[in-house]
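Spelled out from the first residue to the last, the chains are:
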Amino acid sequence: MTFTSDEMMAVAAARRLTNDNVCFVGIGLPSLAANLARRTHAPECVLVYESGTIGAKPRTLPLSIGDGELAETADAVVSVPEVFAYWLQAGRIDVGFLGAAQIDRHGNLNSTVIGDYDAPKVRLPGGGGAPEIATSVADVFVMLRQTPRAFVDRLDFKTSRGDRVRVVVTDLGILEPRDGELTLVSVHPGVSVDDVRAATGWDLAVAGDVGVTEPPTRAELDALRALETKGRE
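About the cut-offs
- Residues numbered from 1 in each chain as written.
- Predicted model: local features only at pLDDT ≥ 70, side-chain atom pairs only at ≥ 80, totals over all residues.
- Heavy atoms only, no water.
- Pairing = 2+ DSSP bridges.
- Helix = DSSP H or I, 4+ residues; strand = E, 2+ residues; numbered from the N terminus.
- Contact = heavy atoms within 4.5 Å.
- Axes fitted to C-alpha atoms, helices over the stretch in contact; angles between N-to-C directions.
- Buried < 20%, exposed > 50% of the residue type's maximum accessible area, 1.4 Å probe, protein only.
- Phe/Tyr/Trp six-rings, centres within 6.5 Å; stacked < 30°, edge-to-face > 60°.
- Lys NZ or Arg CZ within 6 Å of the ring centre and 35° of its normal.
- Salt bridge = Lys/Arg side-chain N within 4 Å of Asp/Glu carboxyl O.
- Polar contact = N/O pair within 3.5 Å; in protein donor to acceptor, adjacent residues only side chain to side chain.

*Asks:* What is the right way to look at the sheet that holds strand β1 (residues 22–25) in this model?
*Replies:* Across a sheet, strands are paired by hydrogen bonds formed along the backbone, either parallel or antiparallel in direction. Here 10 strands make up an open sheet; going across it, the order is β4-β3-β2-β1-β5-β10-β11-β12-β13-β14 and the pairing mixed. The sheet is open, and its two edges are formed by β4 (76–77) and β14 (205–212), each paired on a single side. Pairing of strand β13 (residues 181–187) with β14, which is carried by four bridges, proceeds in the parallel orientation. From the neighbouring strand, Ser-186 faces β14, where its bridge partner is Gly-211. Contacting β1, β2 (46–49), β5 (95–98) and β10 (139–143), helix α2 (residues 29–39) crosses the sheet at an angle of about 155° to β2. In this fold helix α4 (residues 80–88) packs onto β1, β2 and β3 (53–54), with an angle of close to 145° to the strand it touches most, β1.

Below, the structure is given as structure tokens:
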């Protein structure tokens, strides 16, 4: 079976979710991963979107947090302040997905600026709810394509702390924190450890028992592609 790097990322992240999770979901790959988990091995996983939908069960992949499909299929719809104050800050959400422009070896994230803050080369969208997610959920899952520009030795700006990052799923492999530093624990099929090292802006730690990620199954790919196809309709 052939599959894309995005499909491998979505499947690898989805496998981390269980029926017991309440998951704060973003649009894009995190939404794809979370909805894949709910359609396969974790149907009881509760999906929460920033727009205020609790227990959303979209039949098609949402195109934004304001997609009507989320509200139509949710168990409840609340205000955005309630999502953050009652659900997130009160510890009622245990898993949160984050992305960023930069990540360092400790899992700290930058989604604010590239370059000097007062005169940046690029001003990014900003933290939004990311700092609150990073400090309020029990487990942060990061999904990020791996390049030396994204995996940097020193952040240009620290938007979110990496204390609660439990896994970083990239297009090349899977990293987990060990002894306070992100460590390569698995490479995706067709990727070598040297490939991952070359895409990292620091001297990457590699686990002694580094493995190869299990490829997507036919059932996972079918469910994933059904979501993607419906999302484009």
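*Asks:* Help me out: how do you make sense of α2 in this one?
*Replies:* Counting along an α-helix, one turn takes 3.6 residues, and residues three or four places apart therefore face a common direction. The buried fraction of α2 is high, at 10 of 11 residues. Residues of α2 that are buried: Leu-29, Pro-30, Ser-31, Leu-32, Ala-33, Ala-34, Asn-35, Leu-36, Ala-37 and Arg-38.

*Asks:* Is there a simple way to explain the packing of aromatic side chains in this structure?
*Replies:* Here the distance between the centres and the angle between the planes together describe a pair of aromatic rings. On inspection of all chains with the given rule, the structure shows five aromatic pairs. A ring pair is formed by Tyr-117 and Phe-157, whose centres lie 5.3 Å apart and whose planes are at 25°; its orientation type is stacked. One end of the pair, Tyr-117, is in the loop between β8 (113–115) and β9 (120–123); the other, Phe-157, is in the loop between β10 and β11 (165–169), with 40 residues separating them in the sequence. The partly exposed category is assigned to Tyr-117, whose relative accessible area is 43%. Accessibility expressed as a relative area gives 29% for Phe-157, which makes it partly exposed. Note that Arg-92 overlies the ring of Tyr-86, its terminal NZ or CZ placed 3.7 Å from the centroid. In this arrangement the basic side chain of Arg-123 is found over the ring face of Tyr-117, its NZ or CZ atom lying 5.4 Å from the centre.

*Asks:* Help me out: how do you make sense of the pattern of salt bridges in this one?
*Replies:* Two side chains carrying opposite charge are able to pair once their charged atoms lie near each other. All chains considered together, the criterion is met by 14 salt bridges. With a closest N to O distance of 2.8 Å, Glu-220 and Arg-15 form a salt bridge. Residue Glu-220 is located in helix α7 (residues 218–232), and its partner Arg-15 is located in the loop between α1 (5–14) and β1; the two are separated by 205 residues in the primary sequence. We classify Glu-220 as buried; its relative accessible area is 13%. The partner of Arg-178 in a salt bridge is Asp-209, with the nearest N and O atoms 3.5 Å apart. Of this pair, Arg-178 sits in strand β12 (residues 173–178) while Asp-209 sits in strand β14; the two residues are 31 residues apart in sequence, bridging distant segments of the chain. Through salt bridges with shared partners, a single network forms among Arg-59, Glu-69 and Glu-72.

*Asks:* It is not clear to me how the side chain of Ser-31 should be interpreted in this structure. Could you clarify?
*Replies:* As for its placement among the helices and strands, Ser-31 is situated in helix α2. If near-sequence neighbours (up to four positions away) are discounted, Ser-31 is found in contact with Val-25, Gly-26, Tyr-49, Leu-61 and Pro-62.

*Asks:* Where do I start with the side chain of Glu-69 in this structure?
*Replies:* Here Glu-69 lies in helix α3 (residues 68–73). From its side chain, Glu-69 meets the backbone nitrogen of Arg-59 in a polar contact 2.6 Å long. Contacts of Glu-69, omitting those with residues within four sequence positions, involve Pro-58, Arg-59 and Thr-60.

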